[in-house]
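# Inside the fold
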Amino acid sequence: MNESAELRAAAASPSEIRAVPTRPMLTLLKREVWEHSALWIAPLIVSAALIVGAIFARAYLTRAMPISIGDMAGPGQNIRAMSTTGAVVTFGVMQSFVMSVVLWFYATACLYNERRDRSILFWKSMPVSDAKTVLSKMLIALAATPLYVYLVTLVTTLVASGIVAIPRVSGPSPLNMWDGGAWLRAEAFSFVWLVLAVLWYAPLTAYLLLVSAWARRNVQLWALSPLILIIVERIAFGTHYLSTWLLYRLGPGWQARGEEWFERLFTGPFYNASGGSSPPGGQIFAAMEPLKGFENIDLWIGLAVAAVFLYLAVRVRRYRDDT
Amino acid sequence: MTTVIEARNLSKAYGANRALDGVSFSVESGRIVGIIGPNGAGKTTALKGILGLADFDGDLSVLGRNPRTERNRLMQDVCFIADVAVLPRWMRVRNALDYVEGVHPRFDRARAQDFLSRTDIRQASRVRELSKGMVTQLHLALILAIDARLLVLDEPTLGLDLLYRRQFYDTLLNDYFDKERTILITTHQVEEIEHLLTDVIFLARGHIMLSSTVEAIPDRYLQLTVGPDNLSRARELHPFYEREVFGRTALIYEGRTQRELEPLGEVRPPSIADLFVAKMQGRDAGRAPPASASTAAPSAAAGAGEASR
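Residues numbered from 1 in each chain as written. Chains lettered and ligands numbered in written order. Predicted model: local features only at pLDDT ≥ 70, side-chain atom pairs only at ≥ 80, totals over all residues.

### Some words on the overall build of chain B
When you go through chain B residue by residue, the secondary structure sums to twelve helices and 13 strands. Against the globule reference of 19 Å for 309 residues, chain B gives a C-alpha radius of gyration of 21 Å, in line with a compact fold. In terms of principal-axis extent, the alpha carbons of chain B reach across some 65 × 40 × 35 Å. Considering chain B as a whole, with its 309 residues, one finds that 48% of them fall into the buried category. Counting contacts in chain B only where the partners sit at least 6 residues apart, residues at least 24 apart contribute 71% of the total. (Helix = DSSP H or I, 4+ residues; strand = E, 2+ residues; numbered from the N terminus. Rg over C-alpha atoms; globule rule 2.2 N^0.38 Å. Buried ≥ 20, exposed ≤ 12 C-beta atoms within 10 Å, placed from the backbone. Contact = placed C-beta atoms within 7 Å.)

In structure tokens:
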């Protein structure tokens, strides 16, 4: 690509000799991270809070439950699997919640702020297409941030579990709540869950980007404007199709198969415990059937709608002139 | 010399307000063209058309490309500073360099850094911490380090103090401009830039009042300064503008020769600033009617603009 860019540049102006290779998409992604520092700071704050929580938990748990350790080697395997899975799921849910809030504000701000402070005139003075710009923002919301949050959460879980397991200098030894197999399975589950959630909410993200590119002011109000339609529908027709549909779209619809997994995820260890040893990893993944989440046709319809919203956002950014 | 900008019959209306009304002009390479007009004359509208930022009616070609459909490619060869303070306030100076380096194939980071090292701007500073003048310096450093063929400046020194303004234009002229490049500047502060322009386009109410090279101005326009004794004789030669200064009267003529005027008083070419005021307030000003007026007159004014080239 760089080579062809050079060729085109040379063709355009014969006197031109220098055309430095560029990394536009990487640079655009960097811009988002510089501009919206909440994207990377917020997960770290949540992690810090969770680790502080783990420090307290360790001090408290080892004092409050000295009996459960006693002369036993440690809690039973099913308890350990439960607690490991619980930690992964709890941490993941907390981080996901914060991430949703951060991404909501990111998506509504990222194409709006640059128009409000007129810096769009600077961005537009660079040879970067509107499609690339909008795409970079979608990539931040759909891939970079979720992946980053996932990794931060993963490390946090390990650190917090390690803290809980630190042996005491004297007194009763700490609870060993760790089950490596359960951890691996829970992380794999979380990852698929996250991917499905991100894809499920892609039309919402794209809609917020469109509103962000379009609204002249009060971008948050515009983002919430479909809620007004719900009220209108209620009053005018006495029906609630829209609200039912929106709740489905905004709710965890990607979990159509998820509840089943959830059950397996938690009950799995007990079945295993009764069966004796923990099943090999391959069997666990087979039992989870993570790919079933992708069978929901609404997921794919949503992605098509997201593509339309994105296209519109690109057009609006390209042709709207309100500076 | 090649044609950098070719505009034919540009029109643009914002509601009932016709910001541009059938404007035609062309800009050759290696020129520094000032688009001069009062606020609301259509200067920024014209620039937005050239930069492909806004829609318009008419034909426009910039470096042989259509700015509407080939904007992204065009931006490799065209730079612009919209006005001061459009650099994002959250950005660090270092990030600004990183960004332009990352997206612009013709950016020379060393050159930008060299320019910045001559200022008080630190790389770790955020734009919001810089003074208005420093933001302009930073923007200029970024733009000067881009090897572009056309530089468009829209009121680039608005709100800056004299020192920064002077420095801005000196840098532009000394460190940037050469025969390969073209600079298009809009401003309503004529005095600031008249010494560096090679061409002027006067724009008022969406019409071109004058389009000329600076060299050609003395051939068409002369300013005569007379005492009270010669005033009536001077008026007989139909000046289109007159102004009283310290008891003497300065009259500006179009199409008169040095020989005709010399016997009456002191003759010299009008400054661009004086000519601008004369064109805006003098007899000619009536030729550009308000936007809501008849539609016959605008085409005449546009014709005049073209004919004056």
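There is more to say after this.
### Considering the interface of chain A and chain B
Contacts between the two partners involve 30 residues from chain A, matched on the other side by 30 residues from chain B. Of all the elements in the fold, those that place two or more residues in the side of chain A that touches chain B are helix 1 (2-12), helix 2 (24-35) and helix 7 (120-123) of chain A. Tallying contributions element by element places helix 2 of chain A first for the side of chain A that touches chain B, with seven residues. Considered class by class, the residues forming the side of chain A that touches chain B number 14 nonpolar, seven polar and nine charged. (Nonpolar A, V, L, I, M, F, W, Y, C, P; charged D, E, K, R; others polar.)

### Regarding the pairing of strand 2 (residues 17-28) of chain B
Residue and element names in this part refer to chain B. Sheet topology note: the strand 1 (residues 3-14)/strand 2 ladder contains nine bridges and is antiparallel. Bridge assignment links Leu10 to a residue of strand 2, and that residue is Val23. Between strand 1 and the antiparallel strand that follows it, strand 2, lie two residues; Gly15 among them carries a positive phi value of about 65°. (Pairing = 2+ DSSP bridges.)

### Description of the domain arrangement of chain B
Looking at chain B, the domain boundaries give domain 1 (3-213) and domain 2 (217-307). Here the C-alpha centroids of domain 1 of chain B and domain 2 of chain B sit 30 Å apart. (Domains from an automatic or database assignment.)

### Some points on the sheet that holds strand 2 of chain B
All names here are of chain B. In spatial order, the strands read 2-1-4; together these three strands make up an open sheet with antiparallel pairing. Each end of this open sheet is capped by a strand with a single partner; those strands are strand 2 and strand 4 (57-62). In this sheet, adjacent strand axes meet at a mean angle of 15° when their direction is disregarded. The strands touched by helix 1 (residues 43-50) are strand 1, strand 2 and strand 4; relative to strand 1, the strand with the most contacts, the crossing angle is about 120°. (Axes fitted to C-alpha atoms, helices over the stretch in contact; angles between N-to-C directions.)

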